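Summary of the model geometry
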Amino acid sequence: MDIRPDLLELLARRALTEDAARPEAVARLHRRGGRTARENVAALVDPGSLVEYGRFVTAAQTDRRSDDDLLDRTVADGIVGGLATIDGRACAVLSYDYLVMAGTQGMRGHAKTDRLLDVVARLGLPTVFFTAGGGGRPGDTDIPLASALDVPTFAAWARLSGRVPRVAVVDDNCFAGNAVVAGTADLVVATSRASLGMGGPAMIAGGGLGDVVAADVGPIDVMTANGVVDVVADDDEAPQVARELIGYFLGRRDDWTAGDQTVLRDVVPAGERRAYDPLPVLETVFDEDSVLPLRPTFAPELVTALARLEGRTVGVLANDSRHVAGAITADAGDKAARFLQLCDAHGFPVVSFVDTPGMMVGPEAERTAMVRHCARLLVAGASLQVPMIGVVLRRAYGLGAQAMLGGSLHEPLMTVAWPGAHLGAMGLEGAVRLSMRKELEAIADEEERERTVRELTALAQAHASALNVARHGEIDDVVDPAETRGLLARLVEAADRDGRLVGSGRTVDTW
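Residues numbered from 1 in each chain as written. Predicted model: local features only at pLDDT ≥ 70, side-chain atom pairs only at ≥ 80, totals over all residues. Heavy atoms only, no water.

**Let's talk about the sheet that holds strand E4 (residues 127-130)**
Backbone hydrogen bonds are what pair the strands of a sheet, in a parallel or an antiparallel way. To be explicit about the condition: Strand pairing is defined by DSSP finding a minimum of two bridges between the two strands. The secondary structure listing takes helices from DSSP runs of H or I that are at least 4 residues long and strands from runs of E that are at least 2 residues long, numbered from the N terminus. For helices, the axis comes from a line fit to the C-alpha atoms of the stretch in contact; other axes are also lines fit to C-alpha atoms, and the angle between any two N-to-C directions lies between 0 and 180 degrees. Note on contacts: a residue pair is in contact if any heavy atoms of the two residues lie within 4.5 Å.
Read across the sheet, seven strands follow the order E1-E2-E3-E4-E5-E7-E9 without closing on themselves; strand pairing throughout is mixed. At either margin of the open sheet sits one strand with a lone partner, and together these are strand E1 (51-53) and strand E9 (231-233). Averaged over all pairs of adjacent strands, the angle between strand axes in this sheet comes to 20°, irrespective of strand direction. Two strands pair when backbone bridges link them, and strand E2 (residues 79-86) and strand E3 (residues 89-96) are joined in this way by eight bridges, in the antiparallel orientation. Within E3, the residue paired with threonine 85 across the bridge is alanine 90. Of the strands in this sheet, E1, E2, E3 and E4 are in contact with helix H3 (residues 37-44), which crosses E3 at around 160°. The strands that helix H7 (residues 177-184) touches are E3, E4, strand E5 (166-170) and strand E7 (187-191); relative to E5, the one it contacts most, it runs at about 135°.

**Points about the nonpolar core**
Using the following cut-off: Among buried residues, those of type Ala, Val, Leu, Ile, Met, Phe, Trp, Tyr and Cys that are joined through side-chain atoms within 4.5 Å constitute a nonpolar core. For the exposure calls, accessible area comes from a 1.4 Å probe over protein chains only, and a residue counts as buried if that area is under 20% of its type's maximum, exposed if over 50%, partly exposed in between.
The biggest cluster of nonpolar side chains holds 69 residues, and the ones touching the most others in it are Val167 and Leu245. When residues of this core are assigned to their parent elements, the largest contribution, nine residues, is made by helix H12 (residues 330-346). Filtering out sequence-adjacent residues up to four positions away, leucine 245 remains in contact with Val167, Leu187, Val189, Val231, Leu292, Leu294 and Leu306. Listed in part, the 29 residues of the second largest apolar core include Val291, Ala305, Ala307 and Val479.

**Observations regarding helix H20 (residues 484-495)**
For the record, the criterion: Between the first and last residue of a helix there are one fewer steps than residues, each counted as 1.5 Å, and that sum is the expected span.
An ideal rise of 1.5 Å per residue puts 16 Å on 12 residues; H20 measures up with 17 Å between its terminal C-alpha atoms. Structurally, H20 contributes buried residues whose contacts are with helix H11 (279-285), strand E11 (302-309), strand E12 (312-319), strand E13 (350-356), strand E14 (388-397) and strand E15 (414-417).

**Points about the pairing of E11**
Of all eight residues that make up E11, eight are buried, and the element is covered over most of its length. Alternating residues of E11 divide into Leu302, Thr304, Leu306 and Arg308 and Val303, Ala305, Ala307 and Leu309, and every residue in both groups is buried. With three bridges joining them, strand E10 (residues 292-294) and E11 adopt antiparallel strand pairing. Bridge assignment links leucine 292 to a residue of E11, and that residue is leucine 306. Relative to E12, E11 runs antiparallel, the two being bridged by eight bridges. Bridging across to E12, leucine 306 finds its partner in glycine 315. The turn linking E11 back onto E12 is made up of two residues, and glutamate 310 within it adopts a positive phi angle of 50°.

**Notes on the packing of aromatic side chains**
Operational definition: Note on aromatic contacts: the rings of Phe and Tyr and the six-membered ring of Trp form a pair at centre separations within 6.5 Å, being stacked when their planes are under 30 degrees apart, edge-to-face when over 60 apart, and tilted otherwise. Distance and angle both matter: a charge sits over a ring if NZ of Lys or CZ of Arg is within 6 Å of the ring centre and within 35 degrees of the ring normal.
For the structure shown, the criterion picks out five aromatic pairs. Look at tyrosine 96 and phenylalanine 129: their rings are 5.1 Å apart centre to centre, the planes differ by 35°, and that puts the pair in the tilted class. Within this pair, whereas tyrosine 96 is found in strand E3, its partner phenylalanine 129 is found in strand E4, the two being separated by 33 residues in sequence. Each of the two residues, tyrosine 96 as well as phenylalanine 129, counts as buried. Joined through ring pairs, the aromatic side chains of Tyr96, Phe129 and Trp157 make up one cluster. Here the guanidinium or amino end of arginine 295 rests over the ring plane of tryptophan 511, the centre of that ring lying 4.7 Å away.

**Concerning empty space enclosed by the protein**
What counts is decided by this rule: A pocket, in this scheme, is an open set of points on a 1 Å grid over the protein atoms alone with protein on both sides within 12 Å along at least 5 of 7 lines, while a cavity is a set where a 1.4 Å probe fits but cannot get out; residues line either one if an atom lies within 4 Å of a point. Grid points are joined across faces, edges and corners, and a volume is the space filled by probe spheres set on the points. Amino acids outside the nonpolar list (Ala, Val, Leu, Ile, Met, Phe, Trp, Tyr, Cys, Pro) and the charged list (Asp, Glu, Lys, Arg) are all regarded as polar, and Gly is one of them.
Applying the stated criterion across every chain yields a total of four cavities of 30 Å³ or more. Considered as a void within the structure, the largest cavity measures approximately 80 Å³ in volume. Of all elements in the fold, only H3 and E3 reach the threshold of two or more residues within the lining of the largest cavity. In the lining of the largest cavity, the residues fall into six nonpolar, three polar and four charged.

**Things to note about a nonpolar patch on the surface**
Threshold: Here a patch means residues that are over 30% exposed by relative accessible area and free of salt bridges, tied together within 9 Å if like-charged and within 5 Å if nonpolar (Val, Leu, Ile, Met, Phe, Trp, Tyr). Exposure was quantified through the Shrake-Rupley algorithm and a 1.4 Å probe, taking into account, for residues, occlusion by the shown protein chains and nothing else. Here, a salt bridge means any Lys or Arg side-chain nitrogen found within 4 Å of an Asp or Glu carboxyl oxygen.
A cluster of nonpolar side chains, namely Ile3, Leu7, Leu8, Leu10, Leu11 and Phe56, defines an oily patch on the protein surface of about 500 Å² accessible area. Position of phenylalanine 56 relative to the elements: it lies in the loop between E1 and helix H4 (67-73). Residue phenylalanine 56 is classed as partly exposed on the basis of its relative accessible area of 37%.

**Observations concerning the packing of H3 against helix H10 (residues 238-247)**
Note the cut-off: Reported orientations rely on four angle classes, namely roughly parallel under 35 degrees, roughly antiparallel over 145, roughly perpendicular from 65 to 115, and oblique for the rest. If you view the pair so one helix is near and one far, a crossing is left-handed when the near helix is turned anticlockwise from the far one by less than a right angle, and right-handed when it is turned clockwise.
The N-to-C vectors of H3 and H10 enclose an angle of 40°; their axes lie 8 Å apart at closest approach. In terms of orientation, H3 and H10 fall into the oblique class. Note that H3 runs across H10; the crossing there is right-handed. Taken together, the residues of H10 that come into contact with H3 (itself represented by Asn40, Ala43 and Leu44) are Pro239, Gln240, Ala242 and Arg243.

**Description of the packing of H12 against helix H14 (residues 370-382)**
The geometry of H12 relative to H14 is characterised by a closest axis approach of 8 Å and an angle of 25° between their N-to-C directions. By the angle class used here, H12 and H14 are roughly parallel. Here H12 and H14 pass one another in a crossing that is left-handed. Contacts between H12 and H14 involve Ala330, Gly333, Asp334, Ala336, Ala337, Arg338, Leu340 and Gln341 from the former and Met370, His373, Cys374, Arg376, Leu377, Ala380 and Gly381 from the latter. For the contact of H12 with H14, the class distribution of residues is eight nonpolar, four polar and three charged.

**Let's talk about unusual backbone geometry**
Non-glycine residue aspartate 77 carries a positive phi angle of around 50°. Summarising the element assignment, aspartate 77 is placed in the loop between H4 and E2. For aspartate 77, a relative accessible area of 1% translates into the label buried. One non-glycine residue with positive phi stands out, namely arginine 295, at about 50°. Mapped onto the fold, arginine 295 is located in the loop between E10 and E11. Note on arginine 295: relative accessible area 6%, which makes it buried.

Read these as geometric descriptors, not functional statements.
Here's what the structure looks like:
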């Protein structure tokens, strides 16, 4: 069967855009552990679902290169993108192509990106962006340029904040403009191969700051500790992790299961000085295999996580007593405030599990600008349009507990406590020593003085017990820990009846 010449030309030109047309370059990338742009996209979206934009674009460099060279070496001007589905639900995907001039941003590539971001805004599509690359590319000759600072890409991508969920994936060097795209996203997934920075080695050297190899600019251990990266993925699993992460924004799932809830009765130690890992609590309360911590090594004293409750996505806060006893630090205030903004923008109810001695105090803490940073958490909590539900696991003391609960025990839709919990203005022993200081100083015998402290603390604990606080109406209920999941599910269902729970659409801080 003869093929029409125009169709034959189309098929031939399309073949030039596929990875099979550059086997040696693909092999080199594979040897260093990388994936091609098309491999990233294929691993992310449902098979056969990609509707591609701008496939045939080449770099704006006809004054410097032959047509054959442009078609061969500047495929799609270094970016692959389009509309697709994940688990049958519409989304958008973009990927810089590291095989085209190290994934740098060309002027036609920017125009392609701008075109697709306009479609994303019109349709409100969740978007995944593979951002590895070297930043802006000099040398485009076909488009008259002076500063090249009038590119709308960065503003267009930033303007989507709060309007659509955006996940960035970094699996290689990611510098300058590419790093800005990653940093402007809602969530960042990165691999051990990633290095992120506002300038790469050439820019660093050009600024007289010395010679730095790419891997040392912003390595993954630095970017996880400082909170830039939300989730670390194995080198070959980044697309799957991004697929899982964007899935939280794609609607309710029906295939959920839950574990035995009775184990919650024994998971939290009774003694206030005993630390424990809160993740087993969360992994039991929420749907099995649904809890995904974000920024886990940044401000580890406070857990922020996405999870599902009977298939519905929720945001989770939890104090981790293994780090600074679960106190609210400046970094924890930033981490939690930004997370609450994310949940509010996209319509996720928030469940806050409280076990904190309060705000971090002392001169060293104040040097971190505690007054401002912890205030961010209070402002974010008080501004929530989505419901918050509070669960006091063990300790709810002072302003730290109030900040974890939106500012007050009565700010959440409901605040409950587990039977062994205590609530108060500050740690109970500290409150005794402070309020009874003169009386204690009058006791000469040290053993008798400490015995008195213990006795008074026991009385304070009885007064601050969850049941007594509930008796005064300051919390809404004291519950069997095994009842927590069912209670949360009913409250969220009531808040979201007939799909009424929608996001605020407000801008989410990048930090």
